Amino acid sequence: AIEDEEYGGSWMCLKKKQHDGSCTFLKESGQCAIYSARPVQCETYPFWPSILNSMETWEDEAVVQDNTPLRSGERYWNADEGGCEGIIAPSASSTSENNADVRIVERQTIVAKMKAARKQWRRFPADEIKETSWFL
């Protein structure tokens, strides 16, 4: 992860693709082209305090992959609502076949990411961006 001092507290705003609002660094395969050097906002997602605030907000953030048929209450990612394909909502089928690749994130990792997100958000200079694109 990049430390604050390395960029002197500067800020960057990631550009979105015109046709679908997705991140400009998202490859056709759906993977991040700059994953090893991604910004704090991306590195700490979905472990932002606002998302972990309640089970409801966590479940609202869950989306399914585009090539997966939707079941009742599910949705795909979109530029307006965002979402995380890595979140498996409790309402999803819990068969061992569906959850074979599930990775459990340790509590200390989640807490560390929440703290890093909160620290970065507090430093962010533009309230308008805080309120419209990255809320904690």
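Residues numbered from 1 in each chain as written. Predicted model: local features only at pLDDT ≥ 70, side-chain atom pairs only at ≥ 80, totals over all residues. Heavy atoms only, no water.

### Thoughts on the environment of Trp58
Our working rule: Put simply, DSSP H or I for four residues or longer makes a helix, DSSP E for two residues or longer makes a strand, and each gets a number counted from the N terminus. Only protein chains enter the area calculation, which uses a 1.4 Å probe; residues under 20% of their type maximum are buried, those over 50% are exposed, and those in between are partly exposed. Any two residues whose heavy atoms approach within 4.5 Å are treated as being in contact.
Examined against the element boundaries, Trp58 turns out to sit in helix α3 (residues 55–61). Classification of Trp58 as buried rests on a relative accessible area of 19%. On a C-alpha basis, the gap between Trp58 and Trp48 in space is 10.0 Å, while along the polypeptide they are 10 residues apart. Setting aside residues no more than four positions away along its own chain, Trp58 makes contact with Pro46, Phe47, Ile51, Leu52 and Ile87.

### Details of the packing of aromatic side chains
For the record, the criterion: Centres within 6.5 Å are what make two rings of Phe, Tyr or Trp a pair, Trp counting through its six-membered ring; a difference in plane orientation under 30 degrees is then read as stacked, over 60 as edge-to-face, and the rest as tilted.
Throughout the structure, instances matching the rule amount to two aromatic pairs. With a centroid separation of 5.1 Å and 70° between ring planes, the pair formed by Tyr45 and Trp48 is classed as edge-to-face. Residue Trp48 is classed as buried on the basis of its relative accessible area, which comes to 7%. Measuring from ring centre to ring centre gives 6.2 Å for Phe47 and Trp58, while their planes differ by 25°; the resulting arrangement is stacked.

### Here's the deal with the side chain of Arg38
Put simply, the test is: Charge convention: Lys and Arg are scored as positive, Asp and Glu as negative, and His as well as the terminal groups of each chain are ignored. A pairing counts as a salt bridge when a side-chain nitrogen of Lys or Arg comes within 4 Å of a carboxyl oxygen of Asp or Glu. Pairs of N or O atoms within 3.5 Å make up the polar contacts considered here, provided that, within protein, one atom can donate a hydrogen while the other can accept it, and that residues adjacent in sequence are counted only when both atoms are side-chain atoms.
On the secondary structure map, Arg38 appears in the segment before α1 (40–44). Despite being buried, Arg38 has no salt bridge partner; Glu43 is the closest side chain of opposite charge, sitting 5.1 Å away. Within the structure, the side chain of Arg38 is placed 2.7 Å from the backbone oxygen of Tyr35, a separation counted as a polar contact.

### Digging into the environment of Arg75
Mapped onto the fold, Arg75 is located in the loop between α3 and α4 (107–123). On the basis of relative accessible area, Arg75 is assigned to the buried category, the value being 17%. The residues touching Arg75, leaving out its near neighbours within four places in the chain, are Asp60, Glu61, Ala62, Val63, Val64, Leu70, Glu81, Gly82 and Gly83. Polar side-chain contacts of Arg75 include one of 2.9 Å to the backbone oxygen of Asp60. Separated by 2.9 Å, the side chain of Arg75 and the backbone oxygen of Gly82 make a polar contact.

### Here's the deal with the confidence of the model for the protein
Cut-off, in case you're wondering: Residue-level confidence of the predictor, termed pLDDT, takes values from 0 up to 100.
On average, the protein scores 75 in pLDDT, and the residues at 70 or more come to 71%. Put simply, helix α5 (residues 127–132) is where the protein has its lowest mean pLDDT, 61, and α3 is where it has its highest, 88.

### Quick look at a negative patch on the surface
Note the threshold: Patch definition: residues above 30% relative accessible area lacking any salt bridge, with like charges linked at up to 9 Å and the nonpolar side chains Val, Leu, Ile, Met, Phe, Trp and Tyr linked at up to 5 Å. Each accessible area is a Shrake-Rupley result for a 1.4 Å probe, and residues are judged covered by the shown protein chains and nothing else. Charge placement uses NZ in Lys and CZ in Arg. For Asp and Glu, CG and CD serve respectively.
Where like charges cluster on the molecular surface, the negative patch consists of Glu56, Glu59, Asp60, Asp80 and Glu81. Note on placement: Glu81 falls in the loop between α3 and α4.

### Digging into the state of the cysteines
For clarity, the threshold we go by: When two cysteine sulfur atoms are found within 2.5 Å, that pair is recorded as a disulfide.
In this structure the tally under the stated criterion is zero disulfides. In this structure Cys23 is a free cysteine whose sulfur lies 5.9 Å from that of Cys42, the closest cysteine sulfur available. Its relative accessible area of 27% is what places Cys23 among the partly exposed residues. Given the relative accessible area of 35%, Cys42 is considered partly exposed.

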